[in-house]
Amino acid sequence: MAPLMHPYVSRPTRWTVFLRTFLPWQLWRFVRINIKMLGIIRRSH
Amino acid sequence: MNRIVVLGAGIAGHTAAAFARKWLGRDGSVTVVSPKDYYNWIPSNIWVGVGLMRPEQVTIPLRPVYARHGIEFVHGSARTIYPEGDGASPTPYVTVEPAGGLAGASIRVPYDFLINATGPRLRFDKTPGLGPDANSQSVCTEGHAVQAAHALAESVERMRRGERQRFIVGIGHGTCTCEGAAFEYIVNLEFELRARGVRDRAEIVWLTNEYELGDFGMGGMHFRYGGYVTPSSTFNASLFAERGIDWITRAHTRQVDPGVIHYETLTGEVRERPFDFAMLLPPFSGVGIKAFDRDGGDITTRLFQPNDFMKVDADYEPKPFEAWRAADWPRTYQSPAYPNVFAAGIAFAPPHAISRPYTSPSGAAIAPAPPRTGMPSAMIGKAVARSIVDMIRGSQGPTRTASMAEMGAACVASAGANPFTGTAASMTVFPIVPDFDRYPEYGRDLGRTFGEIGLAGHWIKILLHHLFLYKARLRPGWSLIPE
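In this report, the structure presented in the accompanying data block is examined. (Residues numbered from 1 in each chain as written. Chains lettered and ligands numbered in written order. Predicted model: local features only at pLDDT ≥ 70, side-chain atom pairs only at ≥ 80, totals over all residues.)

### A few points about the overall build of chain A
A tally of helices and strands in chain A yields two helices and zero strands. Projected onto the principal axes, the alpha-carbon positions of chain A cover approximately 50 × 25 × 10 Å. (Helix = DSSP H or I, 4+ residues; strand = E, 2+ residues; numbered from the N terminus.)

### Things to note about the overall build of chain B
Scanning chain B from terminus to terminus reveals nine helices and 24 strands. For 483 residues, the compact-globule formula gives about 23 Å, and the C-alpha radius of gyration of chain B, at 22 Å, lands near that figure. Projecting the C-alpha coordinates of chain B onto the three principal axes gives extents of approximately 70 × 50 × 45 Å. In chain B, which comprises 483 residues, the proportion classed as buried is 55%. Considering only residue pairs separated by 6 or more positions, chain B has 68% of its internal contacts joining residues 24 or more positions apart. (Rg over C-alpha atoms; globule rule 2.2 N^0.38 Å. Buried ≥ 20, exposed ≤ 12 C-beta atoms within 10 Å, placed from the backbone. Contact = placed C-beta atoms within 7 Å.)

### With respect to the sheet that holds strand E24 (residues 450-454) of chain B
Residue and element names in this part refer to chain B. Ordered in space as E22-E23-E24, the three strands form an open sheet in which the pairing is antiparallel. Looking at strand neighbours, the two that pair on one side only are strand E22 (409-414) and E24, the edges of this open sheet. Mean inter-strand twist for the sheet, computed between neighbouring axes without regard to direction, equals 15°. (Pairing = 2+ DSSP bridges. Axes fitted to C-alpha atoms, helices over the stretch in contact; angles between N-to-C directions.)

### With respect to the interface of chain B and chain A
Taken together, the contact between chain B and chain A spans 28 residues of the former and 20 residues of the latter. When contributions to the side of chain B that touches chain A are tallied by element, the ones reaching two or more residues are helix H6 (232-243), strand E23 (424-429), E24 and helix H9 (455-472) of chain B. In the side of chain B that touches chain A, the residues fall into 14 nonpolar, 10 polar and four charged. (Nonpolar A, V, L, I, M, F, W, Y, C, P; charged D, E, K, R; others polar.)

### Side note on the sheet that holds strand E16 (residues 260-265) of chain B
Residue and element names in this part refer to chain B. Ordered by their spatial adjacency, three strands build an open sheet running E15-E16-E17, and the pairing between neighbours is antiparallel. Edge strands, defined here as strands with exactly one partner in the open sheet, are strand E15 (251-257) and strand E17 (270-274). Sheet twist, expressed as the mean angle between neighbouring strand axes with direction ignored, is 25°.

### Some details on the nonpolar core
If you look at the biggest cluster of nonpolar residues, it comprises 158 residues, and the most contacted ones within it are Val6, Ala16, Val94, Ile186, Ala344 and Val384 of chain B. Look past the residues within four positions of Val6 of chain B in its chain and what remains in contact with it is Gly13, Ala16, Ala17, Val30, Val32, Ile115 and Ala117 of chain B. (Core = buried A, V, L, I, M, F, W, Y, C linked by C-beta atoms within 7 Å.)

### Focus: the environment of Ala402 of chain B
Residues and elements named next belong to chain B. Within the secondary structure, Ala402 is located in the loop between helix H8 (375-392) and E22. Its 25 C-beta neighbours within 10 Å are what place Ala402 among the buried residues. Between the alpha carbons of Ala402 and Tyr333 there is a distance of 8.3 Å; along the sequence they are 69 residues apart. Contact partners of Ala402, with chain neighbours within four places excluded, come to Met379, Ile380, Ala383 and Met407.

Pasting the structure below:
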């Protein structure tokens, strides 16, 4: 493997990267993030 | 007959005009003055700039929208404000240079209430060689983004022929804002190079005036994550490291020659970096409207700060960075000089920087200016419209507030556009301007400030693209869609 360009920087694990595009998990996150954002929008209006 | 005149048809101006028209009913007229007769959903210019969208997918013609809703439209650029009228009449008015008209031609547009939502002037001239007419690309307008996409396509062709290409994305001056937009561009660019099978021949570098990555002109953010309170710099650096993007922070771009950027850093080092493709955002100022009293005396400095942004109900008293407070930020956006004049969106003058300002040994300011686009701009436009309509109906002063130190923002930064493999960083912050009186440790409510990268964010970004363009078309139910 090639040496890291920035060895002191946090990098995601394979599991984290996998979850980012894993459809069932992302469908849940879609709902959850929308709820969080609607909360911010409601509080800000 | 009450006349509301809105200067500008961007996110703030268009929102203000639409709500003013809806709430005003038959009590008066609403006129929009804009040099462009179309609306540009600027957040999606990123996708035009990497060749994934056409300009007509991020713009809508305004004339039919305004004709349908009874909003008058003047196609031109506001040049002067006469808030007291002149010797011939006490009625306030603005002068407008018609688009495509003869140089020096002028239209007089009278008003009872004025909303200045003119947005920024793109100051490519602040850095020699900067901009799409010179040696670098931009995505500030849909036209710039098209040019950037063509340049990117040429680079991709070269890489397909076996050449290596050096990409630099970021800021074109030490005082730039909108680092978030440049951040979206660099990660989309990297994603597209992978999608087109040429990533291994590309060197990609982020050039920024931020003291730390993830500052975004907001002093950074903090998130609760994995048992820690973690700064946004950690997440930003992690994403860049994961994507093989190198970075240069604390930098001021001094000059852009063909194929070479000259920049200096906070430590005073002056360096140069060769490139094949550079997308560098310009610094902003106000558009440079002049103001005159009824006798023709120049009162521009009563209405505007030296950077041409409009003074509103903020505390502009100069003070050290440590002494500023969230309460310094404006709430009603009413001009202190003329109560029937307001500013909305980028056009209002922020009272101070959110990110700590720094200066290089040569005297160059190196710090992001405060961002005030998107959701807050629309909310300010809506609040100003409501206040004006209430004042027309008898209220003594503004009735609505929209302080950026009291509102949160939801933001989705695209990190690659694909319905199955794309991702975006979804973020919320509350409040936008940190309030260290209410939240002494981090300036923000950590329960309402979060960030996450994933495909869900990309779906939300697509949803918002269509939702906000629907809203901008003022289709049925438009006012139910939140800002």
